[in-house]
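The chain contents come next:
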Amino acid sequence: MKSGMDRYLLEQLNRDMGFYLRATETLAVVQSPYQKIEIFDSDAFGRGMYIDGCFMTSERDEFFYHENIIHIAGISHSNPESALIVGGGDGGAAEELLKYPSMKRVVLAELDEQVVSLARQYLPQIHRGALDDPRLDVRFIDGKAFIESESERFDLIVLDLTDPFGPAQPLYTAEFYASCKRALNPGGALSLHLESPIHRPRTMNRIVKSLQCAFAIARPYLVPIPLYGTCWAMACASDTLDPASLSEAAVDERIAARKLSHLQFYNGATHCAAFALPNFVRDLLACDDAPITLGETLDEVPDPAQLQQLALTC
């Protein structure tokens with residue numbers, strides 16, 4: 001499917017605000033059994049992926065997200081040889097993991113086969129061939145069920161998920177993080193995104209509290225994600241690995257020793273700076289709140305009817 005007409009794609013960040021992007025061309029629209037997936041082109045970000053009204057990734061800013069969700073944990077680990085990605089069907093997280101010369105095996109557990117198929121066809125500048133790397137094992141499977149039933153253990157687990165509402169919400173619970181902990185090798189680490197402290201502050205805090213139920217160390221950090229229209233939070237969680245303990249020099253030494261190439265964002269200085277949380281984020285994380293548990297509905301979620309109405313007026 002191709003359209004020569006400009007469209008304004010919208011993402012509702014909460015019930016009061018959102019972000020829009022002018023798409024110059026619609027390259028594909030697929031309604032899978034799980035979600036509506038669109039591939040678009042834009043002057044601002046190049047090609048990108050948009051799922052159920054949320055921006056996922058784009059050619060020109062994917063490194064803000066993928067480098068930070070992978071390398072803060074990856075560099076902190078002494079010698080990562082195996083990794084599991086839950087979600088991540090665009091291949092960007094896999095591409096960053098496979099830069100490590102020590103990495104022998106990466107399992108990509110993606111629920112929706114159409115995400116991988118569309119990424120292969122339209123987003124080669126994001127996965128850069130990683131989806132065909134022989135070290136990558138792509139499985140079209142429910143990531144939650146896989147982690148809870150699989151006996152294999154991993155050095156790194158990456159939760160590269162859609163936002164915590166709808167089908168993805170059970171993967172943001174304290175119970176699921178406990179399952180992730182059991183699936184890690186000794187000295188392993190979990191990395192994930194936490195939403196935005198600006199647009200979904202309570203959700204971010206509750207995800208951190210859920211991580212703290214399962215792990216001795218849960219380090220939130222901040223990165224800018226242009227396509228998401230805001231400052232975004234991520235975290236690294238482990239029982240033994242603390243990425244905030246590394247110095248700038250130590251990070252740069254490990255990057256050089258591991259011959260990590262084509263890094264557009266990540267270096268020793270940005271690694272350390274990510275953990276320098278502003279006072280309003282410190283205050284947010286100091287607030288008591290309940291961890292997220294199975295079966296509940298979060299309150300900071302988009303309103304689909306409101307988003308549909310906005311789309312009709314643009």
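Structure first, text after, so check above.
Small disclaimer: the values here were computed from a predicted structure and weren't measured. (Residues numbered from 1 in each chain as written. Predicted model: local features only at pLDDT ≥ 70, side-chain atom pairs only at ≥ 80, totals over all residues. Heavy atoms only, no water.)

## Some remarks on the sheet that holds strand S13 (residues 230–238)
Paired through their backbone hydrogen bonds, the strands of a sheet run either parallel or antiparallel.
Piece 1. Taken together, seven strands build an open sheet; the order of strands is S9-S8-S7-S10-S11-S13-S12 and the sheet is mixed. The outermost strands of the open sheet, each flanked by one partner alone, are strand S9 (136–140) and strand S12 (217–225). Between one strand axis and the next, the sheet turns through 15° on average, direction left out of account.
Piece 2. The strands that helix H1 (residues 62–76) touches are strand S10 (154–160), strand S11 (184–195), S12 and S13; relative to S12, the one it contacts most, it runs at about 155°. (Pairing = 2+ DSSP bridges. Helix = DSSP H or I, 4+ residues; strand = E, 2+ residues; numbered from the N terminus. Axes fitted to C-alpha atoms, helices over the stretch in contact; angles between N-to-C directions. Contact = heavy atoms within 4.5 Å.)

## Some words on the side chain of Ser58
Piece 1. Inspection of the secondary structure assignment puts Ser58 in strand S6 (residues 54–58).
Piece 2. Classification of Ser58 by relative accessible area gives buried; the value is 0%.
Piece 3. Among the polar contacts made by the side chain of Ser58, one reaches the side chain of Asp61 at a distance of 2.6 Å.
Piece 4. Sequence-distant contacts of Ser58, that is, excluding residues within four places in its chain, are made with Phe45, Arg47, Gly48, Ile126 and Leu227. (Buried < 20%, exposed > 50% of the residue type's maximum accessible area, 1.4 Å probe, protein only. Polar contact = N/O pair within 3.5 Å; in protein donor to acceptor, adjacent residues only side chain to side chain.)

## Points about the nonpolar core
Piece 1. Ranked by size, the top nonpolar core spans 63 residues in total, and within it Met49 and Leu97 carry the most contacts.
Piece 2. Here this core gets eight residues from one element, more than from any other, and that element is H1.
Piece 3. Those residues within four positions of Leu97 in sequence are excluded, and the remaining contacts are Ile70, Ala83, Ile85, Met103, Val106, Leu156 and Val158.
Piece 4. Membership of the second largest hydrophobic core comes to 38 residues, among which are Leu184, Phe215, Ala235 and Ala237. (Core = buried A, V, L, I, M, F, W, Y, C linked by side-chain atoms within 4.5 Å.)

## Focus on the pairing of strand S2 (residues 18–23)
Piece 1. Sheet topology places strand S1 (residues 7–12) next to S2; six bridges connect them, and they run antiparallel. Looking at the pairing, Glu11 lines up with Phe19 of S2.
Piece 2. Connecting S1 to the antiparallel partner S2 that follows it, the hairpin turn spans five residues.

## Topic: helix H3 (residues 113–122)
The α-helix winds at 3.6 residues per turn, so residues separated by three or four positions along the chain end up facing the same way.
Piece 1. Turning to H3, its buried residues are Val115, Val116, Leu118, Ala119 and Tyr122. Buried residues in H3, looked at end-on, bunch into an arc of 165°, giving them a common side.
Piece 2. Buried residues belonging to H3 abut strand S3 (25–31), strand S4 (36–41), strand S5 (48–51), strand S8 (105–110), helix H4 (124–127) and S9.
Piece 3. The residue sitting at the N-terminus of H3 and contributing the capping side-chain oxygen is Asp112; that oxygen lies 3.0 Å from the backbone nitrogen of Gln114. (Arc of directions from axis to C-beta.)

## Some thoughts on the pairing of S11
Piece 1. Judged by how many residues are buried, S11 sits mostly within the fold: nine of 12 residues are covered.
Piece 2. Where S10 meets S11, five bridges bridge the pair, whose relative direction is parallel. Bridged to Val158 within S11 is Ser191.
Piece 3. Here five bridges tie S11 to S13, and the two strands are oriented antiparallel to one another. Bridge assignment links Leu190 to a residue of S13, and that residue is Ala237.

Just distances and angles here, no functional claims.
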